[in-house]
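Each chain, written out:
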Amino acid sequence: MKEESYIDFVITWVDDSDSQWQAERQKFKGEDSGFMNPNDCRYRDWGILKYWFRSVEQYAPWVRKIHFVTCGHHPEWLNLNHPKLHFVKHQDYIPAKYLPTFSSRPIELNFHRIDRLAENFVYFNDDMFLSAPVKPTDFFKEGLPRDCGLRVFPIVYEIGLTNMNNINIINKEFNFAKQFKQNFWKWMNYRYGFHVLRNLLFMHYEYFTGSKVLHVANSFKKSTFEEVWQKYGDVLDKTCQHKFRSPLDVNQWLMKYWQVVKGDFYPQSIHVGKHYYIDNIIQLERDLRNGHTKQICLAEKDGLNDISQLKEKVVSTFQLVFPQKSSFEL
């Protein structure tokens, strides 16, 4: 069987206009720690999900299955009977004791429980899009997830608290100096270009301080999730019990770091995609049209209030580039 037959995509989505979801969120609002400035932008739907499906059908027709994960709602236009689509509700795979949840952490940390999920899968947030043709080997090569073994200092903004929790577990589990030597050419790889100098600068640090996390879709092995749950299930359980994000959490970067430090990755360039703010319409249209970038991630600036005009521009830009309905649309 060909390599691409084993690769699934997972995408998570929330409809922030769903009144039932809003009522549930309000009911548990008192449990929100206020971590990471929780505002509506984390849940905002920009109306461009259909273009994600169009881009996947156009640029990654080889994908085996798409697991579309939500709390239970779905857009009216989505063809739930599509043979490649698996509509997954939180209750279908997340243990009941963690539900309902308004944090991405329980949603992501339990991916391995999704029914019929392939061993090799690629995780997309709904703000990550394909912008050019991709091959299976852009995500997995020789059975290993593509990733960057570039060392960095721990992130110091709010998510850095969670990131330090991830890093502490990695250093508890692995002798990083030993792992670095065993996988030397994965860390000192020519694909990183001059960025490999970072690893030279960190040579005297025996402990893992973090590796570069690209703002693109991430490749994972299901068995990695299973292994981390087996060894640190108590830590993951505590995170999953938080209905909103908490500084005591770990997140999916733990799985990513685990794969990288263990050596279960195939080196890739850091230039696999671009990350910029969603209001950069000129850059968005350019990247969607020129095909020079295989992936883009559209972040949202803090403080955006009246987004109606910007939303129209964003939707219009995607419509110009992907005017044809996909088979995932009714």
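Reading the values: the criteria
- Residues numbered from 1 in each chain as written.
- Predicted model: local features only at pLDDT ≥ 70, side-chain atom pairs only at ≥ 80, totals over all residues.
- Heavy atoms only, no water.
- Helix = DSSP H or I, 4+ residues; strand = E, 2+ residues; numbered from the N terminus.
- Buried < 20%, exposed > 50% of the residue type's maximum accessible area, 1.4 Å probe, protein only.
- Salt bridge = Lys/Arg side-chain N within 4 Å of Asp/Glu carboxyl O.
- Polar contact = N/O pair within 3.5 Å; in protein donor to acceptor, adjacent residues only side chain to side chain.
- Core = buried A, V, L, I, M, F, W, Y, C linked by side-chain atoms within 4.5 Å.
- Contact = heavy atoms within 4.5 Å.
- Patch = residues over 30% accessible without salt bridge, like charges linked within 9 Å, V, L, I, M, F, W, Y side chains within 5 Å.
- Areas by Shrake-Rupley, 256 points an atom, 1.4 Å probe, with all protein chains shown as cover.
- Pairing = 2+ DSSP bridges.
- Axes fitted to C-alpha atoms, helices over the stretch in contact; angles between N-to-C directions.

Caption draft 1: Geometry of unusual backbone geometry. Omega for the bond connecting L99 with P100 falls within 30 degrees of zero, at -5°, which places this linkage in the cis form. Checked against the element boundaries, P100 lands in the loop between α3 (90-93) and α4 (104-109). You will see that R116, though not glycine, has its phi angle at about 65°, which is positive. Within the secondary structure layout, R116 lies in the loop between α4 and β4 (120-124). The phi dihedral of E142 falls on the positive side, at around 55°, and the residue is not glycine. Along the chain, the position of E142 falls in the loop between β6 (140-141) and β7 (144-147). Accessibility expressed as a relative area gives 65% for E142, which makes it exposed.

Caption draft 2: Structural context of the pattern of salt bridges. Tallied over the full model, the rule gives 14 salt bridges. Close ionic contact of R54 with E329 constitutes a salt bridge, the shortest N to O distance being 2.7 Å. Of this pair, R54 sits in helix α2 (residues 49-59) while E329 sits in the segment after α12 (308-321); the two residues are 275 residues apart in sequence, bridging distant segments of the chain. You can call E329 buried: its relative accessible area is 8%. Among the salt bridges present, the one from R116 reaches D115, with a minimum N-O distance of 2.6 Å. We classify D115 as partly exposed; its relative accessible area is 46%. Residues participating in the shared-partner salt-bridge network are E173, E227, K231 and K262.

Caption draft 3: Local environment of the side chain of Q259. With respect to the helices and strands, Q259 occurs in helix α10 (residues 253-262). The exposure class assigned to Q259 is buried, which follows from its relative accessible area of 2%. A distance of 3.3 Å separates the side chain of Q259 from the backbone oxygen of S219, its partner in a polar contact.

Caption draft 4: Inspection of the nonpolar core at higher detail. One finds Y93, F111, F121, I170, F208, L236 and M255 to be the most contacted residues of the largest nonpolar core, which totals 46 residues. Elements supplying a minimum of two residues to this core: α4, β4, α5 (159-173), α6 (176-182), α9 (222-240) and α10. The biggest single contributor to this core is α10, with seven residues. Setting aside residues no more than four positions away along its own chain, L236 makes contact with L109, V228, W229, V250, L254 and M255. Counting residues in hydrophobic clusters, the runner-up holds 44 residues, among them I48, F140, F318 and F322.

Caption draft 5: Quick look at a nonpolar patch on the surface. The grouping of F194, L197, L200 and M203 at the surface amounts to a nonpolar patch, some 430 Å² of accessible area in total. By the secondary structure assignment, F194 is in the loop between α7 (184-187) and α8 (197-201). On the basis of relative accessible area, F194 is assigned to the exposed category, the value being 62%.

Caption draft 6: Structural detail: the sheet that holds β6. Strand order across the open sheet formed by three strands is β6-β7-β9, with mixed pairing between neighbours. Each edge of the open sheet is held by one strand with a lone partner, namely β6 and β9 (266-267). Sheet topology note: the β7/β9 ladder contains two bridges and is parallel. From the neighbouring strand, R146 faces β9, where its bridge partner is Y266.

Caption draft 7: Broad picture of the pairing of strand β11 (residues 295-299). Within β11, five of the five residues are buried, which leaves the element mostly enclosed by the surrounding structure. Residues Q295, C297 and A299 line one face of β11 and the alternating positions I296 and L298 line the opposite face, and both faces are buried. Looking at chain direction, strand β5 (residues 128-130) and β11 are connected through three bridges and run antiparallel. Across the sheet, the residue bridging to L130 is Q295, located in β11. Across four bridges, strand β10 (residues 274-277) lies against β11 in parallel orientation.

Caption draft 8: A look at the sheet that holds strand β3 (residues 85-89). If you trace the five strands from one edge of the open sheet to the other, you get β3-β2-β1-β4-β8, paired in mixed fashion. What marks the edges here is a single partner per strand, and that holds for β3 and β8 (218-221). Adjacent strand axes in the sheet meet at a mean angle of 25° when their direction is disregarded. In the sheet, β4 pairs with β8 via four bridges, with the strands oriented antiparallel. By the bridge assignment, F121 is partnered in β8 with F220. Running at roughly 165° to strand β2 (residues 65-70), α2 makes contact with β1 (7-12), β2, β3 and β4 of the sheet. Sitting on the sheet, α9 touches β4 and β8, and the angle it makes with β8 is about 65°.

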